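If you want the building blocks of each chain, they are given just below.
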Amino acid sequence: MTTTPSPLRVLVAKPGLDGHDRGAKVIARALRDAGLEVIYTGLHQSPEQIVEAAIQEDVAGIGLSVLSGAHLTLFARVLDLLKELDAADITLFGGGIIPTGDIPPLERMGVARVFTPGTPTQEVVEWVKAHVGVPSPIAPVYGGSPTGVGS
């Protein structure tokens, strides 16, 4: 008997006070149309609500849409909560009105990818399919006593 693999599950969220969700809905629909299971949380979600929903829904990725200018704070808080709740394996990506100079700090803090206005939806879909839910390679463990032949 063969089983059909479950579709990739992602959560799309609008954190903070920003009330413009057209872009988030466009991305959510593009991901859904590409065969992913998408949970859209709606407007004005706190980082705590977003992470709680992501854990409850057992998603592989969270996509944040931020237009309010609070991207550094909001992404950092979501990443902190994912670590605190032992859910750091959930890939965080996002987009919105984010200055290009803020993208490197976001990536250094752990945001996997930042999409800026004008990014084709197909590029977002392809990136999510290729990078979300893909296990990270296990880093080799060094130290301790060597073992093997002759030990």
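Here the structure is shown first, and the text comes after it.
Now for a look at the structure at hand. (Residues numbered from 1 in each chain as written. Predicted model: local features only at pLDDT ≥ 70, side-chain atom pairs only at ≥ 80, totals over all residues. Heavy atoms only, no water.)

Estimated volume of the largest pocket: approximately 410 Å³. Residue lining of the largest pocket: 23 residues in total, with Gly 23, Ile 27, Ser 65, Gly 95 and Gly 96 positioned closest to the centre. Residue assignment for the lining of the largest pocket shows that the elements contributing at least two residues are helix 1 (22-33), strand 3 (61-66), strand 4 (91-96) and helix 5 (121-131). Considered class by class, the residues forming the lining of the largest pocket number eleven nonpolar, eleven polar and one charged. One number sums up the size of the second largest pocket: a volume of about 160 Å³. (1 Å grid on protein atoms, 1.4 Å probe; cavity = no way out; pocket = protein on both sides within 12 Å on 5 of 7 lines; lining within 4 Å. Points joined across faces, edges and corners; volume = space filled by probe spheres on them. Helix = DSSP H or I, 4+ residues; strand = E, 2+ residues; numbered from the N terminus. Nonpolar A, V, L, I, M, F, W, Y, C, P; charged D, E, K, R; others polar.)

Before going further, it helps to examine helix 2 (residues 47-56). Turning to helix 2, its buried residues number three or more, namely Pro 47, Ile 50, Val 51, Ala 53 and Ala 54. Mapping the buried residues of helix 2 onto a view down its axis gives an arc of 160 degrees, with all of them on the same face. On its buried side, helix 2 packs onto strand 1 (9-13), strand 3 and helix 3 (71-84). Taken from the residues just after helix 2, Asp 58 is the one with a positive phi, measuring 55 degrees. (Buried < 20%, exposed > 50% of the residue type's maximum accessible area, 1.4 Å probe, protein only. Arc of directions from axis to C-beta. Contact = heavy atoms within 4.5 Å.)

Turning next to the nonpolar core. Counting 25 residues, the largest nonpolar core has Leu 11, Ile 62, Leu 64, Phe 75 and Leu 92 as its most contacted members. Where this core is concerned, the elements lending two or more residues are strand 1, helix 2, strand 3, helix 3 and helix 4 (103-109). Residues contacting Leu 64, with those up to four places away along its chain left out, are Ala 13, Pro 15, Ile 50, Phe 75, Val 78, Leu 92, Phe 93, Gly 94 and Gly 95. Counting 15 residues, the second-largest nonpolar core is a separate cluster that includes Val 10, Leu 36, Ala 60 and Val 128. (Core = buried A, V, L, I, M, F, W, Y, C linked by side-chain atoms within 4.5 Å.)

Now for the packing of helix 1 against helix 5. Contact geometry of helix 1 with helix 5 gives a least axis separation of 9 Å together with a crossing angle of 55 degrees. In terms of orientation, helix 1 lies oblique with respect to helix 5. Handedness of the helix 1/helix 5 crossing: right-handed. When helix 1 is examined against helix 5, the residues Val 26, Ile 27, Ala 30 and Leu 31 are found in contact with a partner set consisting of Thr 121, Val 124, Val 125 and Val 128. Considering only residue class, the contact of helix 1 with helix 5 consists of seven nonpolar, one polar and no charged. (Axes fitted to C-alpha atoms, helices over the stretch in contact; angles between N-to-C directions. Parallel < 35°, antiparallel > 145°, perpendicular 65-115°, else oblique. Left-handed = near helix turned anticlockwise from the far one by under 90°.)

Each aromatic ring pair is described using two quantities: the centre-to-centre distance and the angle formed by the ring planes. Tallying each qualifying case throughout the model produces two aromatic pairs. With 5.6 Å between their ring centres and 55 degrees between their planes, Phe 93 and Trp 127 make a pair best called tilted. Placement of Phe 93 in strand 4 and of Trp 127 in helix 5 is noted, with a sequence separation of 34 residues between them. Each member of the pair Phe 93 and Trp 127 is classed as buried. Where Phe 115 meets Trp 127, the ring centres are 5.8 Å apart and the plane angle is 75 degrees; that geometry is what we call edge-to-face. With a gap of twelve residues between them, Phe 115 in strand 5 (residues 113-115) and Trp 127 in helix 5 connect regions that are remote in the sequence. Within the aromatic cluster, the residues linked to one another by ring pairs are Phe 93, Phe 115 and Trp 127. (Phe/Tyr/Trp six-rings, centres within 6.5 Å; stacked < 30°, edge-to-face > 60°.)

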